[in-house]
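Here is how the chains run, residue by residue.
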Amino acid sequence: MVEVRLGRSFAAAADGHETVEVEATDIRELFRILADRFPGLVPFIERGIAVSIDGVIYRDTWSKELPAGAEIFLLPRLAGG
Amino acid sequence: MGFDPSYAIREFKSVGTRPLRPDGFDKVTGRARYGADFNMAGQLVGRILRSPHAHARILRVDTSKAQALPGVKSVITAADLPDLTNGNSDLFDILDNCMARTKALYDGHAVAAVAAVDAQTAEEALDLIVVEYEVLPHITDVDEAMKPTAPLLRDTVFTGGVDPKPTTPSNIANRTQFGHGDVEAGFKEADIVIARSFKTEQSHQGYIEPHACVGVVNADGTGELWVCTQGHFVFRAQCAELLGMDVSKLRVTSSEIGGGFGGKTHIWAEPVALALSRKAGRPVKIVMSREEVFRASGPTSATSIDVKIGIRKDGTITAASAELRYSCGPYTGPWAMLGAMTAFACYDLKNVKSVGYEVLVNRPKTAAYRAPSAPMAAFAVESVIDELAAKIGMDTIALRIKNAAREGTQSSYGPVYGPIGIGPTLEAARKHPHMTAPLGKNQGRGMACGFWFNFGGQTCTDLNIGIDGTVTLAVGTVDVGGSRASLSLVAAEELGIPYEQVRAVVADTASLGHNDMTDGSRGTFSSSMALISAARNAITVMRGRAAQMWSIPVEDVAWENGHAVAKGGKHGNLAPLSVKDIAAAAPKTGGPIAGHSELVADGAGVSFATHICDVEVDPETGGTKVVRYTVVQDAGKAVHPTYVEGQYQGGAAQGIGWALNEEYVYGADGRLQNPGYLDYRVPVCSDLPMIDTQILEIPNPNHPYGVRGVGETSIVPPLGAIANAVSNALGVRMNHIPMSPPRILAALEAARAG
């Protein structure tokens, strides 16, 4: 079980939840469960959500493991120049 | 076993050296081929007809006279680029920007295009196209566009990020909010609270090379595109989708690039060239004029920002809040969100809140510009930080060090930081001799910090061992800042061979798997990670070949200093085999030798910089001269330090231009008044001092060599650093960028008037 912080930017699409507990071992599983639980998040997941694990931001590595006790934070996908 | 990108301490032989740049000779002799330098047999000249109105409904487009003109081979309108976006609103916006469909949304919006046998005929044909417009009220100011009474750009846009969902359309495309704690409670704990409002004008990336491409679509559905871009694979994907082509049928080659800075991460004229070619049956070349570049491509947001920060007399910040309003042109993007995320990222704040609003205006589509959106937010925040320091009588660096984010700080955008470099850059700046150098008359000193995320992305690379043992690298990230040199250094390092034996080329889209753009400061970070992986794969192959040559088990072969060596006493008489030896034997040991790598480079690591600036302001003319400038930034590991310094200097130079002169000026009619380098003045060499740099190397734990991206962060602090310097020189707080002579004279006049 990991605690996932959605932040205010995604909470509105997740029935107002800013923090959720999810039984997930990697990012792929996390998104699958979040999509089932909060369909409002699906468009954001499809467009791209970055996952910060202990402060390191992962945009595409959906196989990344979610260690127990890690700080997991969802962020909008970033753009760069 | 998968590739492990974790950092490991090592002694470097090639990485960290400064060999001559491999592209230098071609560039200074004019041999380098840029976007406009490529030609195809039988190519036509493409020209685009652009709206003269800031906002107008397109009632009718009559191309019959243009089509009848001898020498004209094709004429297209939006009807020739039908909507194939299948509900993808982001892609639809790209399509609509490339060719207006029902409304022209800014001065310069494309409404039709022609391809003809020569430029004169093409331009004559443009004059023969009749467009009937219904001119609509327009809006170019970001604050004005937010008002309910403002002309509405698009009736399909409803403000996102608010609850309940709006039922009426708005120019406010989106609202985002970041932060933690209770800012109102935090402001009550403060001894001093300062609230200020700031504006920054729209600036252009100012790349020297205009957008240019030549494309062909054949009758069998195949096509080719030669183009100046930061990401030919992404251009291929978007063009193929807009034209209904198979991705694999469109081969895209990137040219040398005369600057991009984010402006060449977007497609503009490329689908138009391909659509013209498809209709004409011949290749079509489009080269934008400078005026077209300014009117119809690439500017950053104009902004309006409110910042409020509370502080105790001991220098502890108790709360900080900001509202950031960013113009987006007619199409939404993440621009205010990025400003809201980065505004307070340098600081350790108990109570922080930032709210961003993306606002649609009748200006060209906002494009990414080097750490997009962060410089404007940093300008506003760093200005207030400086004012607070003066108010409590504390040294401006000491105040920043006291409140700097550190490992374990919850960032203002959410996550807790790991090891980060803001503290070290501030400490280095504090110790730098620049901070204590004497100032002359009418001079002022300012400093500021900046933050940028950096990111990686999809990356595919090949490393090919030649028959003589020299090495060719095929990379898919466009070289915008010296990555061919840095990637060659990395390959030489990993293989253990001299840099001179490696050559890197940017391969076309038919030669490699998909690569994301060169953006987010990812070129060297991502492709070097992939190349290290590819080199290790090639070493595995070469160890196997050496084992065959020696007839010993591969487990007994190690790779040391660029050679295969046999391990163990029983192989003691076997001389090491070089890459050349192994390559020479390759035909009889299994054929060609190569290493490949396909990966997603993630974990780029956030980046911080601190800049110091001295200016001299002429109180008679309002003119400002930057007399000294110092950049301190963390590079993780500087692969080719000269290029890293170049990135630092380039970001600072662009920031200086933005801070002091560069500005889109719109007339009351909504038309751009200064679409050229005569009236939109970028700094030239004689305007600038030698920009001093200090590279810090705090290894990124998520890259084998500790590399971080370096291309973007250097443009974040300049607006704030220069504004603080000018304000200190004048004794008047400057809150509007650019601080052009008229604005400085007006500020002085206002101060005199009290």
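Conventions and cut-offs
Residues numbered from 1 in each chain as written. Chains lettered and ligands numbered in written order. Predicted model: local features only at pLDDT ≥ 70, side-chain atom pairs only at ≥ 80, totals over all residues. Heavy atoms only, no water. Helix = DSSP H or I, 4+ residues; strand = E, 2+ residues; numbered from the N terminus. Rg over C-alpha atoms; globule rule 2.2 N^0.38 Å. Buried < 20%, exposed > 50% of the residue type's maximum accessible area, 1.4 Å probe, protein only. Contact = heavy atoms within 4.5 Å. Phe/Tyr/Trp six-rings, centres within 6.5 Å; stacked < 30°, edge-to-face > 60°. Axes fitted to C-alpha atoms, helices over the stretch in contact; angles between N-to-C directions. Parallel < 35°, antiparallel > 145°, perpendicular 65-115°, else oblique. Left-handed = near helix turned anticlockwise from the far one by under 90°. Nonpolar A, V, L, I, M, F, W, Y, C, P; charged D, E, K, R; others polar.

Asks: With reference to specific residues and values, describe the overall build of chain A.
Replies: The number of helices and strands found in chain A is three helices and five strands. Order of helices (α) and strands (β) in chain A, N terminus to C terminus: β-α-β-α-α-β-β-β. Its C-alpha atoms give chain A a radius of gyration of 11 Å, near enough to 12 Å, the size a compact globule of 81 residues would have. Expressed as a percentage of its 81 residues, the buried residues of chain A come to 52%. Across chain A, contacts joining residues at least 24 apart in sequence account for 45% of those joining residues at least 6 apart.

Asks: Explain the packing of aromatic side chains to me, using residue names and the numbers behind them.
Replies: All names here are of chain B. In this structure the tally under the stated criterion is 18 aromatic pairs over all chains. On the basis of an interplanar angle of 40 degrees and a centroid distance of 6.2 Å, the ring pair of Tyr664 and Tyr666 is categorised as tilted. Assessed through its relative accessible area of 2%, Tyr664 is described here as buried. Look at Tyr664 and Tyr680: their rings are 6.1 Å apart centre to centre, the planes differ by 85 degrees, and that puts the pair in the edge-to-face class.

Asks: Quick one: what's the story with the side chain of Ser533 of chain B, residue by residue and with numbers?
Replies: Relative to the elements of secondary structure, Ser533 of chain B occurs in helix H15 (residues 523-550). Excluding residues that lie within four positions of it along the chain, Ser533 of chain B makes contacts with Phe3, Ser597 and Leu599 of chain B.

Asks: So what about the packing of helix H12 (residues 396-403) of chain B against helix H13 (residues 422-431) of chain B? Which residues, and what values?
Replies: All names here are of chain B. The interhelical angle for the contact between H12 and H13, taken along N-to-C directions, is 160 degrees, at an axis separation of 10 Å. Classified by the angle their axes make, H12 and H13 are roughly antiparallel. Relative to H13, the crossing made by H12 is left-handed. Along the contact surface, H12 presents Ile397, Arg400 and Ile401, while H13 presents Leu426, Glu427, Ala429 and Arg430. Its residues assigned to classes, the contact of H12 with H13 shows four nonpolar, no polar and three charged.

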